[in-house]
Amino acid sequence: MQRIRLRYTKRGRLRFTSHRDFQRAFERALRRAEVPMAYSAGFTPHPKVSYANAAPTGTGSEAEYLEIALTAHRDPAPLRRLLDESMPDGLDIIDAVESRTSGLADRLTASVWELRLGGVTEEEAARAVDVFLAAETVEVQRRTKNGMRSFDAREAVVEMTAVPAADAQDAGDRPVAEPCAILRLVVRHMTPAVRPDDVLSGLHAVADLAPPVPAAVTRLAQGLLDEESGTVTDPLAPDREAATAGSTTAPAPATAKAPEGSGSA
């Protein structure tokens, strides 16, 4: 059985696609591309697809990951192209590697997020960031299926900066005639998970930062957190390195429809 790891995006209006909707679209793409999928056993067999740490509905992403199991060998690069052509625009398959190492989910320990705050100036955002980072704890609340839960949003934030709007990696439908602050943050994956909206709640609580319109949130990268540098590394790199070590003709990483500079930290 061969396993292929894929990186995909959620862009534009497709950021509002739920994880279940993506699953349905992806399974249709597998059928269209005639991928020789392995299936589970039992009365209701389903394709063997493992999803890892999907972004919340309503957030864009340049770095979502999944793994598929095949019953016949396929070259990852042509397979990626076939799947990408079979997916809706905005749900783009931008990378594929053969799984040669274990523990993909274990390498997803942090995310790089970009938050576009319409109606907020860069100066206001920078002041709020300074207050947030100076706090030892920032208690926020979130409603869960078991009721309201309080937790510390500050602990998970490794780094947060306000950057000029011109440096935004996801311009999207950002208005140009009014202020728009951009926050770039590295968030460690913890339990309970601290989401970008929790950080926004924390900024409101400690610095009274309240954007007049909902923030546009995009995950730029996710992977293993380098504790020394605070950067997030490519989780597929170990598989590429293992392929290179095992073959003198290792395939080059595939690219497709990715905006310039996206998905890097």
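The structure we're discussing is the one just above.
Residues numbered from 1 in each chain as written. Predicted model: local features only at pLDDT ≥ 70, side-chain atom pairs only at ≥ 80, totals over all residues. Heavy atoms only, no water.

Caption draft 1: How the structure looks around the pairing of strand β7 (residues 147-152). Inspection of the sheet shows strand β6 (residues 139-144) paired to β7 by six bridges, in the antiparallel sense. Note on β7: the bridge partner recorded for R142 is R149. Counted between consecutive antiparallel strands, the loop separating β6 from β7 contains two residues. (Pairing = 2+ DSSP bridges. Helix = DSSP H or I, 4+ residues; strand = E, 2+ residues; numbered from the N terminus.)

Caption draft 2: Spatial organisation of the pattern of salt bridges. Going through the model one piece at a time under the given rule, you end up with 15 salt bridges. One salt bridge in this structure joins R11 and E62, with 2.7 Å as the shortest N-O distance. Taken together, the residues span a long stretch of sequence, with R11 in the loop between β1 (2-10) and α1 (19-32) and E62 in strand β3 (residues 60-70) at a distance of 51 residues. Judged by its relative accessible area of 15%, R11 falls in the buried class. With relative accessibility at 7%, the residue E62 sits in the buried group. Between E64 and R219 there is a salt bridge whose closest N-O contact spans 2.9 Å. (Salt bridge = Lys/Arg side-chain N within 4 Å of Asp/Glu carboxyl O. Buried < 20%, exposed > 50% of the residue type's maximum accessible area, 1.4 Å probe, protein only.)

Caption draft 3: Fine view of α1. With 14 residues, α1 should cover 20 Å at 1.5 Å per step; its first-to-last C-alpha distance of 20 Å lies within 8% of that length. Those residues of α1 that fall on the buried side of the exposure criterion are F22, A25, F26, A29 and L30. Buried residues of α1, seen end-on, are gathered within an arc of 145 degrees and therefore sit on one face of the element. Facing away from the buried side of α1 by more than 90 degrees, the exposed set consists of R20 and R31. Residues of α1 that are buried sit in contact with β1, β2 (49-52), β3, α2 (76-86) and β4 (93-98). (Expected span 1.5 Å × (residues − 1). Arc of directions from axis to C-beta. Contact = heavy atoms within 4.5 Å.)

Caption draft 4: Here's a closer look at the packing of aromatic side chains. Applying the stated criterion across every chain yields a total of three aromatic pairs. Each ring, one from Y8 and one from F22, has its centre 4.0 Å from the other, and the planes form 10 degrees; the classification is stacked. Residue Y8 is located in strand β1, and its partner F22 is located in helix α1; the two are separated by 14 residues in the primary sequence. Among the residues examined, F22 registers a relative accessible area of 3% and is labelled buried. Of the aromatic side chains, those joined through ring pairs into one cluster are Y8, F22, F26 and Y51. (Phe/Tyr/Trp six-rings, centres within 6.5 Å; stacked < 30°, edge-to-face > 60°.)

Caption draft 5: Summary view of the side chain of D152. Within the element layout of this structure, D152 appears in strand β7. Within the buried set, D152 has no salt-bridge partner at all; the shortest N-O distance to an opposite charge, 7.1 Å, is to R154. Within the structure, D152 has its side chain in polar contact with the backbone nitrogen of V138 (distance 2.8 Å). Only 2.9 Å separates the side chain of D152 from the backbone nitrogen of R154, close enough to count as a polar contact. (Lys, Arg positive; Asp, Glu negative; His and termini not counted. Polar contact = N/O pair within 3.5 Å; in protein donor to acceptor, adjacent residues only side chain to side chain.)

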